[in-house]
Amino acid sequence: MTDPDDVIFAERVTKEAERLAERYGYLPYIVERYLELLGNEAEDLLESNELPMPDVLRCNDYKISCSELASRLGEGGFAITKVPFLPHGYEIAESPISPGATHEYLKGYYYLQDPGSMLVGYLLGARPGELVLDMAAAPGGKASQVLQLTRDSATLLAVEPKRERVKALRSNLQRLGFSNFVIIKGDAMNVSVPASPDRVLLDAPSSGEGIIRKDPSRKRKTTLRDLREIHKRQVNLLRRALSLVRPGGVVLYAACSTAVEEGEYVVHKSLTGLDDVKAEPMVEFPFRRAFEEYRGLRFDDRVSACGRLFPHVHGTEGFFVCRLRRLG
Ligand code: SAM
């Protein structure tokens, strides 16, 4: 019997994919997948990836009110506008100096965070007093958002294996004024967790195919072989997340990628044989519905409750998001 991986990860490249890949500077297999999944929209996605990503900040209302921050930045010559779908999000239209070098930034009044990433932080839905595990936490965008949204009252366990990134994570959590966290330096596959978390965030290490607008090198960085390894790692991490969360608890899996191998196919494989997990529709935001099949493989029905963000549809980074609940 053919291994579905061999079909999903088979390199196929049509003449059209070759033409577009050359024109926009991508590895051809990446464009081929866009054509297979999005058809005529593929070129819209490629065009949107050419637009630079504006800086967006998350106002830290644990330290300052958003209106006070807006007026202080305005006095300093910044032009910022509210992002309608993000309660604490402001797009920076003009900045006289780098937004990471202001007095307000150093005081922890805001965090620079891309809009899709911020949206994921809200979708986790952490509540005061809960135990929250962030399995891939650095540099701390969503981890600090959990503490902000719970007024530093959730207990956050933040995992990160890389020393330099642990430093950035700690410095961000401290700069933003939070104290209710423990940083665990290690691999989320084998760190020990003291109790079953109420919520687990897996913002998975990924190819970063969704942030091409910010980092165009991602157009050529990940080979198909690399992607297969990244996929396997995500499946293992998501299975581990589902094994750790308490019955009745939530696992939010996100990947900043437009690749089906990092979203739908990961959820499909991870849920195989797990009947005690449901996928919750995310009605808070008009996501694109996740892909339901690819290359003849029909994904598990629960995948259809997951969602996607696309640069050409939502104006954000590319993201896959899925909210799973382990039945109690
Ligand atoms: N959640 C972060 C935020 O919002 O700022 C971004 C996380 S980034 C997408 C993925 C992180 O996972 C990277 O910092 C990477 O070093 C880390 N990572 C890679 N392998 C890991 C593993 N096995 N266990 C835990 N973290 C891992």
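Structure shown above.
Only a predicted model underlies this, so the values are computations on that prediction, with no experimental measurement involved.

*Asks:* How do you make sense of the sheet that holds strand 4 (residues 110-112) when you look at a structure like this?
*Replies:* Taken together, four strands build an open sheet; the order of strands is 2-3-1-4 and the sheet is antiparallel. Two strands lie at the open edges of the sheet, namely strand 2 (79-82) and strand 4, each paired on one side alone. On average, adjacent strands in this sheet sit at an angle of 35° to one another, irrespective of strand direction. When strand 1 (residues 55-59) meets strand 3 (residues 89-94), the two strands line up antiparallel, connected through four bridges.

*Asks:* What is the right way to read the site of the ligand from this model?
*Replies:* Around the ligand, 18 residues are found, and the nearest of them are Gly 141, Lys 142, Glu 160, Arg 165 and Asp 203. Taking Met 135, its main chain carries an N or O atom lying 3.5 Å from a nitrogen atom of the ligand. Arg 165 has a polar side-chain atom sitting 2.6 Å from an oxygen atom of the ligand. Protein coverage of the free-state accessible area of the ligand, which is 600 Å², stands at 89%. Among the residues forming the shell around the ligand, the class breakdown is nine nonpolar, two polar and seven charged.

*Asks:* Sorry if this is basic, but what is going on with the state of the cysteines here?
*Replies:* Evaluation of the coordinates by the stated rule reveals two disulfides. Paired through a disulfide, Cys 59 and Cys 66 show a sulfur-sulfur distance of 2.2 Å. The S-S bond linking Cys 59 to Cys 66 shows a torsion near -95°; that makes this disulfide left-handed. Classification of Cys 66 as buried rests on a relative accessible area of 16%. One disulfide bridge connects Cys 306 with Cys 322, the sulfur atoms lying 2.1 Å from each other. The S-S bond linking Cys 306 to Cys 322 shows a torsion near -45°; that makes this disulfide left-handed.

*Asks:* Help me understand the pattern of salt bridges in this model?
*Replies:* Two side chains carrying opposite charge are able to pair once their charged atoms lie near each other. Summed over the entire model, instances satisfying the criterion amount to 29 salt bridges. The shortest N-O distance in the salt bridge between Arg 295 and Glu 36 comes to 2.8 Å. Of this pair, Arg 295 sits in the loop between strand 12 (293-294) and strand 13 (297-298) while Glu 36 sits in helix 3 (residues 28-38), and the two are 259 residues apart along the sequence. A relative accessible area of 16% places Arg 295 in the buried class.

*Asks:* Teacher, can you tell me more about the pairing of strand 5 (residues 131-134) here?
*Replies:* Along any regular strand the residues' side chains alternate between the sheet's two faces. Covered by surrounding structure in strand 5 are Leu 131 and Leu 133 together with Val 132 and Asp 134, the residues of both alternating faces. Note: strand 5 against strand 6 (residues 155-160), four bridges, orientation parallel. Along strand 6, the bridge assignment pairs Leu 131 with Thr 155. Each parallel crossover has a hand, and for strand 5 linked through helix 8 (residues 141-149) to strand 6 it is right-handed. As paired strands, strand 5 and strand 8 (residues 199-203) are joined by three bridges and run parallel to one another. Opposite Asp 134, over in strand 8, you have Leu 201 as the bridge partner.

*Asks:* Please explain unusual backbone geometry as it appears in this structure.
*Replies:* The phi angle of most residues is negative, glycine excepted, and most peptide bonds adopt the trans form. Geometrically, the link from Ala 138 to Pro 139 is a cis peptide bond, its omega value of 5° lying close to zero. As for its placement among the helices and strands, Pro 139 is situated in the loop between strand 5 and helix 8. One non-glycine residue with positive phi stands out, namely Asp 152, at about 60°. Tracing the backbone shows Asp 152 in the loop between helix 8 and strand 6. A relative accessible area of 10% means that Asp 152 is categorised as buried. Here the phi dihedral of Arg 295 falls at roughly 50°; this positive angle occurs in a residue that is not glycine.

Definitions and cut-offs
- Residues numbered from 1 in each chain as written.
- Predicted model: local features only at pLDDT ≥ 70, side-chain atom pairs only at ≥ 80, totals over all residues.
- Heavy atoms only, no water.
- Pairing = 2+ DSSP bridges.
- Helix = DSSP H or I, 4+ residues; strand = E, 2+ residues; numbered from the N terminus.
- Axes fitted to C-alpha atoms, helices over the stretch in contact; angles between N-to-C directions.
- Near = heavy atom within 4 Å.
- Polar contact = N/O pair within 3.5 Å; in protein donor to acceptor, adjacent residues only side chain to side chain.
- Areas by Shrake-Rupley, 256 points an atom, 1.4 Å probe, with all protein chains shown as cover.
- Nonpolar A, V, L, I, M, F, W, Y, C, P; charged D, E, K, R; others polar.
- Disulfide = S-S within 2.5 Å.
- Buried < 20%, exposed > 50% of the residue type's maximum accessible area, 1.4 Å probe, protein only.
- Salt bridge = Lys/Arg side-chain N within 4 Å of Asp/Glu carboxyl O.
- Right-handed = clockwise from strand over helix to strand, strands pointing away.

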